[in-house]
Amino acid sequence: MSFDLIIQNATLPDGRSGIDIGCRDGRIAALEAGIIAEAGQVIDAKGLLVSPPFVDAHFHLDATLSLGTPRMNQSGTLLEGIALWGELKPIQTVDEIIDRAMRYCDMAVSQGLLAVRTHVDVSDADLKTVQALLQVRENVKDYLDLQLVAFPQDGVFRAEGADKHLLRALDMGVDVVGGIPHFERTMADGARSVTWLCEVAAERGLQVDMHCDESDDPMSRHVETLAYETQRLGLQGRVAGSHLTSMHSMDNYFVSKLTALMVEAEMQVIANPLINIMLQGRHDTYPKRRGQTRVRELRDAGLNVAFGSDCVMDPWYSLGSADMLEVASMGLHVGQLSSRADMRWCFDAVTELPAKILGLEGYGIAVGNKADMVLLQAYDPIEAIRLKPTRLAVVRKGRVIAETPPKLTTLSLEGRPGEVDPASFRPGR
């Protein structure tokens, strides 16, 4: 028996150590200690963590890396970001969108991020963003799973013709139905948009992922309508609410009712820690609201909750590096998820849990699954969040597609070690 690739002496996210991973024909063919067989390539993990690839359940690839074009967001608010994006859309070309998106995909691969759900603005008749992202999806299909959401950034009813543009985008091959009910002109139009969009998804057999209640206003309660329509139309398990930031301002009594409705609807939840904490609470003096939705409470109620990165260097967010461990770290801090179990869960919130939302087939380190994985310069998931370590090797379909030398620092200090490995700073070592 031979393999295309064997990774020896790996530690897995579930704590198993000394494990060899044998890959053949793009799948994990063996997972056990001490595999003795020929292989096209052998990597000694040296006890370090081998994880399934990172997954970003919420991103905007059409706007990424556009920071400063045509200008900077001076107020730092969500609404100015939307206005700025409106200034950029008519002047950018399809080729420019493709170039930026491809450069971001390169960055993502280098970070072991191999699956992204991206919202694609369908507000304009030319659908340049859709044309561009469909091409990008084709370009990267062999090494990155890219799922596209038809997203009416300017409101499906607020922007003239956006409902028709959204349907055209779905006809062109966009995967998921999106929406932004809190940006419609009235609360009634927002609720009406949720109903219409869910009906479109039900008719076409598609998933729904809706920007929902990205607001500090506790009366922005479109997630209630989303939960209702999910049940009415039999969409359980196929609907995600993204952001849900108004929940951090709602009174606890209403949240207790709302959470129960969401559980009945089997909704999925995507918080975006970096952006939520940056954009929300801008009208507050002190105390300032954190902005992130009630991650712990929704998770503990039994909902599948994941973290997304949302933006990297665009009209809404000036930072970011395609590092989902940075996202997990911010979610951990903002949500005060400080127990060992909570921190370990935060790693799942950027790997296994968003993979469920995207419906990724064959995901995870198990025999028969796709041979997609990341070798990290860390020994366990909590340490990975703490260090945001080097991705030593990124594997796709049993082939190494990205490598980075380990981070090591040389010291010239009398009586101290000559070399420092960041992964050596851990209890018991």
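Further up the page is the structure itself.
Note that the structure is a prediction, hence the values are computed from the model and not measured. Counting of residues starts from 1 at the beginning of each chain's written sequence and follows it residue by residue. The predicted origin of the model limits local features to residues at a pLDDT of at least 70 and limits the giving and counting of side-chain atom pairs to 80 or more, whereas totals for whole chains, interfaces and linings rest on all residues. Side-chain measures here rest on the full set of heavy atoms in the structure, leaving out hydrogens and waters.

Visitor: Whenever I open this one, the packing of helix α2 (residues 94–110) against helix α3 (residues 128–140) confuses me. Can you help?
Guide: Helix-helix packing is characterised by the crossing angle of the two axes and by the distance between the axes. Between α2 and α3, whose axes approach to 9 Å, the crossing angle comes to 40°. Relative to α3, α2 is oriented oblique. Once α2 is placed against α3, the crossing between them reads as right-handed. Here V94, I97, I98, A101, M102 and C105 of α2 come into contact with α3, specifically with K128, T129, Q131, A132, L133, Q135, V136, N139 and V140. When residues are grouped by polarity, Ala, Val, Leu, Ile, Met, Phe, Trp, Tyr, Cys and Pro land in nonpolar, Asp, Glu, Lys and Arg in charged, and all others, Gly among them, in polar. Looking at the contact of α2 with α3 residue by residue, the class counts come to 10 nonpolar, four polar and one charged. Interaxial angle, 0 to 180 degrees, is taken between N-to-C directions of lines fitted to C-alpha atoms, where a helix line uses only the stretch in contact. Note on conventions: DSSP H or I runs of at least 4 residues are helices, E runs of at least 2 residues are strands, and numbering of each starts at the N terminus. An angle counts as roughly parallel when it lies under 35 degrees, as roughly antiparallel when it exceeds 145, as roughly perpendicular when it falls between 65 and 115, and as oblique in every other case. Each crossing is labelled by how the near helix is turned from the far one, with a counterclockwise turn of less than a right angle marking it left-handed and a clockwise turn marking it right-handed. Only heavy atoms enter the contact rule, under which two residues are in contact if any of them lie within 4.5 Å.

Visitor: Explain unusual backbone geometry here, please?
Guide: What you tend to see is this: most non-glycine residues have negative phi, and most peptide bonds are trans. In this structure, the amide linkage connecting T69 to the following residue, P70, adopts the cis form with an omega of -5°. Here P70 is to be found in the loop between β6 (54–59) and α1 (78–88). Cis peptide bonds are those with omega within 30 degrees of zero, and the linkage from Y286 to P287 qualifies with 0°. For P287, the location among the structural elements is in the loop between α8 (273–279) and α9 (295–300). For D310, which is not glycine, the phi torsion reads 75° and is therefore positive. Its identity as a non-glycine residue notwithstanding, K388 has a phi of 50°, on the positive side. In this structure, K388 sits in the loop between α13 (381–387) and β15 (391–396).

Visitor: Help me understand the sheet that holds β15 in this model?
Guide: Each strand in a sheet pairs with another by means of backbone hydrogen bonds, the pair being arranged parallel or else antiparallel. Strands qualify as paired when DSSP identifies two bridges or more between them. A sheet is described by the order of its strands in space; here four strands give the open sequence β5-β14-β15-β16, paired in antiparallel fashion. Both outer strands of the open sheet, β5 (50–51) and β16 (399–403), are each paired with one neighbouring strand and no more. Bridging between β5 and strand β14 (residues 373–376) involves two bridges; their strand directions are antiparallel. Its bridge partner being in β14, V50 is matched across the sheet by L375.

Visitor: Where do I start with empty space enclosed by the protein in this structure?
Guide: Taking a probe equal in size to a water molecule and rolling it over the atoms shows the remaining empty space. A 1.4 Å probe that fits but cannot get out identifies a cavity on a 1 Å grid over protein atoms alone, an open set with protein on both sides within 12 Å along at least five of seven lines counts as a pocket, and a residue lines either if it has an atom within 4 Å of a point. Grid points are joined across faces, edges and corners, and a volume is the space filled by probe spheres set on the points. What the rule picks out here adds up to one cavity of 30 Å³ or more. One number sums up the size of the largest cavity: a volume of about 90 Å³. As for the largest cavity, its lining consists of 13 residues, and the residues nearest its centre are H60, L78, H211, E214 and W316. Among the residues forming the lining of the largest cavity, the class breakdown is seven nonpolar, four polar and two charged.

Taken by themselves, the reported measurements are silent on function.
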